[in-house]
Amino acid sequence: MPSSISSSESRFDAEPVILRQVPPGRWPRTALFATLVLLAALAGWEGYWRSQGVVPGYGNSDGQWAEVRRKVDASRPDATVFIGSSRTQFDLGLAVWQEETGVEPIQLALEGSNPLPLLTDLAEDEDFRGLLLVGITPPLIFQPGIGLREGAVEHYRTETPSERLGTLLSYPLERTFAFYSYDYKLFAVLARQPWWPERAGLPYQTPVVRKIEIMHRSRESDLWTRVESDPEYNAIVTSTWQAILEHLPPPPPPEVAAKAFEALLAQVTRDVAAIRARGGEVVFLRPPSSGWFREFEARVAPRGQVWESLLTAADAVGIHFEDYPELQVPTPEWSHISVSSKDGFTRGVVRALRARLAERGVHRPELGS
């Protein structure tokens with residue numbers, strides 16, 4: 001009887017070997033033709049979206065956030081840092097802030113996210129002893145963890161050299177091609193077409209937020225003008241906000257919610273104290289909102305219970321848009337101010353912070369004179 005080895009060898013030897021010949025052809029010419037077709041298709045796709053008013057912008061990637069986060073280190077210990085949700089990204093103009101104060105701020109806000117874990121992160125960062133502005137979107141601070149963009153913080157902590165290089169290589173494409181946006185990639189466009197049949201019994205699918213911003217390398221965002229000028233597109237955006245908020249998980253029982261809020265306030269108190277102990281300062285900002293979104297916020301996170309409790313616990317200065325006429329600017333899609341309002345809003349925030357801190361006898365060099 002043959003051994004298992006010889007049996008295996010004979011089995012493999014018995015398999016026929018097929019050698020396929022590459023058919024003759026004009027391969028250089030074929031490759032050139034395929035390249036031209038690809039370039040024509042890309043040009044057509046780009047041209048179409050340009051005709052729809054889409055313009056290039058940076059991708060707001062985890063790598064971009066990590067790049068900006070690295071600025072908060074020993075080389076800039078007295079930095080001015082913004083954290084918050086997308087309103088903090090959209091509503092504050094970095095160039096105007098620098099013009100008013102002489103300090104270039106660092107934009108670390110993350111859309112759809114809870115900023116309080118980032119407050120803790122900076123409180124634990126011994127290199128930071130500057131001015132921290134925390135933007136508050138009331139419902140978001142009750143999220144467990146950071147929420148939507150938690151991966152950005154993890155990416156910053158674990159980013160590899162190849163990932164950093166990938167981010168740098170992506171930048172030229174992001175600022176050149178309109179179709180490079182997540183909202184205008186081919187499969188994203190196909191997925192939202194109305195011809196797909198509805199499948200019964202599927203759980204609710206949270207709608208994807210459409211493109212509403214033009215992102216800069218600094219991570220400052222401008223509200224896309226189409227959101228203001230196109231009523232149909234504006235309705236898509238506002239209906240998305242409403243759908244997301246209406247399908248949030250139900251709140252916990254009152255006694256559980258009260259205990260969780262007490263723990264949240266205690267953590268904020270510790271974090272603010274830690275930053276102040278190093279010579280820094282923490283201030284809070286409540287950016288404007290309107291319409292159905294504002295009504296929802298007032299219902300689930302009343303100002304007296306949430307905003308005032310936060311300021312009291314932290315013993316911090318807070319700027320609420322309702323208290324300052326110059327900060328009561330329109331929000332075209334309920335949640336973010338337009339580019340035309342940004343400069344005035346930013347100057348108003350700087351003036352209000354100076355005045356409120358002066359009332360406490362506090363002068364921060366990061367706010368200028």
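All figures in this text were calculated on a predicted structure; none of them were measured in a lab.

Chemist: Explain the environment of Phe-321 here, please?
Modeler: Mapped onto the elements of the fold, Phe-321 is located in the loop between β7 (317–320) and α15 (339–359). When the C-alpha atoms of Phe-321 and Ala-260 are compared, they prove to be 27 Å apart, with 61 residues separating the residues in sequence. Once residues lying within four places of it in the same chain are set aside, the contact partners of Phe-321 are Arg-286, Pro-287, Pro-288, Ser-289, Arg-294, Leu-327 and Gln-328.

Chemist: How do you make sense of the nonpolar core when you look at a structure like this?
Modeler: Nonpolar side chains in soluble globular proteins generally cluster together in the buried interior. Residues Val-81, Ile-83, Leu-132, Val-268 and Phe-284 are the most contacted members of the largest nonpolar core, which totals 37 residues. Of all the elements in the fold, those that place two or more residues in this core are α3 (62–69), β1 (80–83), α6 (116–123), β3 (131–135), α7 (150–158), α12 (254–277), β6 (281–286) and α14 (307–314). Per-element accounting of this core gives the leading share, six residues, to α12. Each residue touching Leu-132, except ones within four places of it in the same chain, is listed here: Val-81, Ile-83, Leu-119, Leu-122, Ile-275, Glu-281, Val-282 and Val-283. Core analysis: the next-biggest nonpolar cluster, separate from the first, contains 22 residues, Phe-82, Leu-285, Val-329 and Leu-353 among them.

Chemist: Can you walk me through the pairing of β7 in this structure?
Modeler: Each regular strand shows side chains that alternate between the opposite faces of the sheet. Burial of β7 is two-sided: the residues Val-317 and Ile-319 facing one way and the residues Gly-318 and His-320 facing the other way are all buried. Direction of pairing for β6 relative to β7: parallel, over a ladder of four bridges. The residue of β7 that forms the bridge with Leu-285 is Ile-319.

Chemist: I'm lost on the pattern of salt bridges in this one. Help?
Modeler: Between side chains of opposite charge, a pair can form when the charged atoms approach closely. Applying the stated rule across the entire model yields 27 salt bridges. Close ionic contact of Glu-322 with Arg-294 constitutes a salt bridge, the shortest N to O distance being 2.9 Å. Residue Glu-322 is located in the loop between β7 and α15, and its partner Arg-294 is located in helix α13 (residues 291–300); the two are separated by 28 residues in the primary sequence. By relative accessible area, which is 33% here, Glu-322 ends up partly exposed. Accessibility expressed as a relative area gives 32% for Arg-294, which makes it partly exposed. In this structure, Glu-308 and Arg-303 form a salt bridge, with 3.1 Å as the shortest nitrogen-oxygen distance. Among the ionic contacts, a cluster of salt bridges with common partners joins Arg-294, Arg-303, Glu-308, Glu-322 and Asp-323.

Chemist: Please explain the pairing of β6 as it appears in this structure.
Modeler: With six of its six residues buried, β6 lies for the most part within the structure. What you see with β6 is no split at all: Glu-281, Val-283 and Leu-285 on one side and Val-282, Phe-284 and Arg-286 on the other are buried throughout. Pairing of β3 with β6, which is carried by five bridges, proceeds in the parallel orientation. Paired with Leu-133 across the strands is Val-283, a residue of β6.

Chemist: Got a minute to help me understand the packing of α3 against α7 in this structure?
Modeler: Relative orientation and spacing of two packed helices are given, respectively, by the angle between their axes and the distance between those axes. As a packed pair, α3 and α7 sit with axes 8 Å apart at the nearest point and diverge in direction by 60°. Accordingly, the angle class assigned to the pair α3 and α7 is oblique. Seen from above, α3 lies across α7 with right-handed handedness. Along the contact surface, α3 presents Asp-62, Gly-63, Trp-65, Ala-66 and Arg-69, while α7 presents Gly-151, Ala-152, Val-153, His-155 and Tyr-156. Tallied by class, the residues present in the contact of α3 with α7 amount to five nonpolar, three polar and two charged.

Chemist: So what exactly am I meant to see when it comes to unusual backbone geometry here?
Modeler: For residues besides glycine, phi is generally negative; the peptide bonds are generally trans as well. One non-glycine residue with positive phi stands out, namely Asp-315, at about 50°. Topologically, Asp-315 is positioned in the loop between α14 and β7. The class of Asp-315 is partly exposed, set by a relative accessible area of 46%. With a phi angle near 80°, Trp-334 is a residue other than glycine that sits in the positive phi range.

How each quantity is defined
Residues numbered from 1 in each chain as written. Predicted model: local features only at pLDDT ≥ 70, side-chain atom pairs only at ≥ 80, totals over all residues. Heavy atoms only, no water. Helix = DSSP H or I, 4+ residues; strand = E, 2+ residues; numbered from the N terminus. Contact = heavy atoms within 4.5 Å. Core = buried A, V, L, I, M, F, W, Y, C linked by side-chain atoms within 4.5 Å. Buried < 20%, exposed > 50% of the residue type's maximum accessible area, 1.4 Å probe, protein only. Pairing = 2+ DSSP bridges. Salt bridge = Lys/Arg side-chain N within 4 Å of Asp/Glu carboxyl O. Axes fitted to C-alpha atoms, helices over the stretch in contact; angles between N-to-C directions. Parallel < 35°, antiparallel > 145°, perpendicular 65-115°, else oblique. Left-handed = near helix turned anticlockwise from the far one by under 90°. Nonpolar A, V, L, I, M, F, W, Y, C, P; charged D, E, K, R; others polar.

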